[in-house]
Every structure is written in structure tokens, then in C-alpha cells.
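Structure assessment
Residues per chain are reported as follows:
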Amino acid sequence: MQSHLALLLPVIAVWWTAGYLADGLPRLNHARELRRHTGWLLALTLTGLGLTVALPVAGLATVGPTLADRAADGLALAALPALVVAACTVRRLRRLWAGAGALAAAPGTPAPHGLRAAAAHPLLGLPLQVTGLALLPAVIAASGAGQFLGPAATGPAITVAALAVAVIGVRHALRHNRLAERAMPERVSSPRPAGALHV
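Here's what I pulled together on the structure shown here. Bear in mind the structure is a predicted one, so any value in this text is a computation, not a measurement.

**Side note on the side chain of Thr45**
Summarising the element assignment, Thr45 is placed in helix α2 (residues 31-61). Only 2.7 Å separates the side chain of Thr45 from the backbone oxygen of Leu41, close enough to count as a polar contact.

Written out as C-alpha cells, the structure reads:
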């Protein structure tokens, strides 16, 4: 086992936990519960972003190749989804946390479908989960398991990863659409106009 794996494990643990929490947010039925879990998720997301930035910065601060440099090389694949998290997901989490807080005064207040639809938005959960998936190759390589797979496994691994991302994205989109439809006000059917009256 490579020694820089110890630096990668906390990073992937934070991202995978954040992805798991994000997946469960739309299932929460009470506003107070939704606010609490959103707060935890926001803290985990900021921690994950901090760790993802801290490893490359630690590598730059030292001269010569170090463990931080080797760990930072493994984070390159996760840089783009982590950037999407920083640009989109954090803002959505803050708005969701504030929205749930406005309704969380009473313990039993139900979470409206609009808030649950916001919690199910693809730009909230998908970037977190893709970032966790993007860290898997680095952990596999750092653990030494990559040498048993060989270079022939690269193509199938990319295909499986792309399919996994597509499935996760479609799942988030379908769940968001279903909850957004429930949040829309019901249309009142207007009575059909009566025929013209002849006097």
C-alpha cells in the first residue's frame, strides 16, 4: 500500500459521505430535519472543498516530490466536478438551508414539495457524487490494486464511469421533476362556456 493513500482516504470519505447525505435530502418530510441535514451537508461540502485545495497547496509549499504532491496528482480528475460544487452546489445548499430555516420553528412542520424539489435538483447532488466517483481511480492506484488490473482495464473503467454518471444524473433529474410537479399549484378547471342564448 502506498503511503500517500493515507492523505487520500479522508478526502474520499468526506466526498462519499456528502454524496450519500445529498441523496437522502429529498426524502426528508419535515422542515427542521431538512434544515439540520442541509447544514451537515454544507459543512461536509466545504470540508471536502478545503481538503481538495489543501493537498495541492501543501505540495506547492514544499520543495521536491512529497506525499502531498503524489496525493494531489490523484485529485486532478476530481478538479472539474469539485469546481462545479464550489460554483453551483454550495449556493444551492445555502438557499435550501435558509428556506428550510424559515419553516423550521415548529418540529412537525412538513417540508413543502418546493423545498424537496430544490433538494433533489441535479446540480445539488450530482456534482458531489461525481466528485466522489472521480476520486476512486486515485485511491485504487494509491492502494496498489491498479497493478493487478493493468492498462487494458482503462477503457472499460471509463465506460462504466460514464454510464454511472449518466444513470445518477437521470435519476436526479427524474426525482426533481416529480417533486417539482407536486409543488406546482393545481389548475382549477374552468367551466365550459355555455352556448349562446337566443332571445
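**With respect to the side chain of His37**
Summarising the element assignment, His37 is placed in helix α2. You can call His37 buried: its relative accessible area is 17%.

**Looking at the nonpolar core**
Across soluble globular proteins, nonpolar side chains show a tendency to be buried alongside one another. Judged by nonpolar contacts, the single largest core of 34 residues is most densely connected at Trp15, Leu25, Leu34 and Leu41. Of all elements in the fold, only α1 (5-24), α2, α4 (79-103), α5 (113-119), α6 (122-134) and α7 (136-143) reach the threshold of two or more residues within this core. Setting aside anything within four residues of it in sequence, one finds Leu25 in contact with Leu34, His37, Thr38, Leu41, Leu93, Leu96, Ala119 and Leu124.

**Considering the layout of surface pockets**
Computed from the structure, the second largest pocket encloses a volume of approximately 180 Å³. If you trace the second largest pocket, you find it lined by Trp15, Trp16, Gly19, Tyr20, Asp23, Gln129, Gly132, Leu133, Val167, Ile168 and Arg171. Within the residue set of the lining of the second largest pocket, elements represented by two or more residues are α1, α6 and α9 (154-183). The element best represented in the lining of the second largest pocket is α1, accounting for five residues.

Rules and cut-offs
- Residues numbered from 1 in each chain as written.
- Predicted model: local features only at pLDDT ≥ 70, side-chain atom pairs only at ≥ 80, totals over all residues.
- Heavy atoms only, no water.
- Helix = DSSP H or I, 4+ residues; strand = E, 2+ residues; numbered from the N terminus.
- Polar contact = N/O pair within 3.5 Å; in protein donor to acceptor, adjacent residues only side chain to side chain.
- Buried < 20%, exposed > 50% of the residue type's maximum accessible area, 1.4 Å probe, protein only.
- Core = buried A, V, L, I, M, F, W, Y, C linked by side-chain atoms within 4.5 Å.
- Contact = heavy atoms within 4.5 Å.
- 1 Å grid on protein atoms, 1.4 Å probe; cavity = no way out; pocket = protein on both sides within 12 Å on 5 of 7 lines; lining within 4 Å.
- Points joined across faces, edges and corners; volume = space filled by probe spheres on them.

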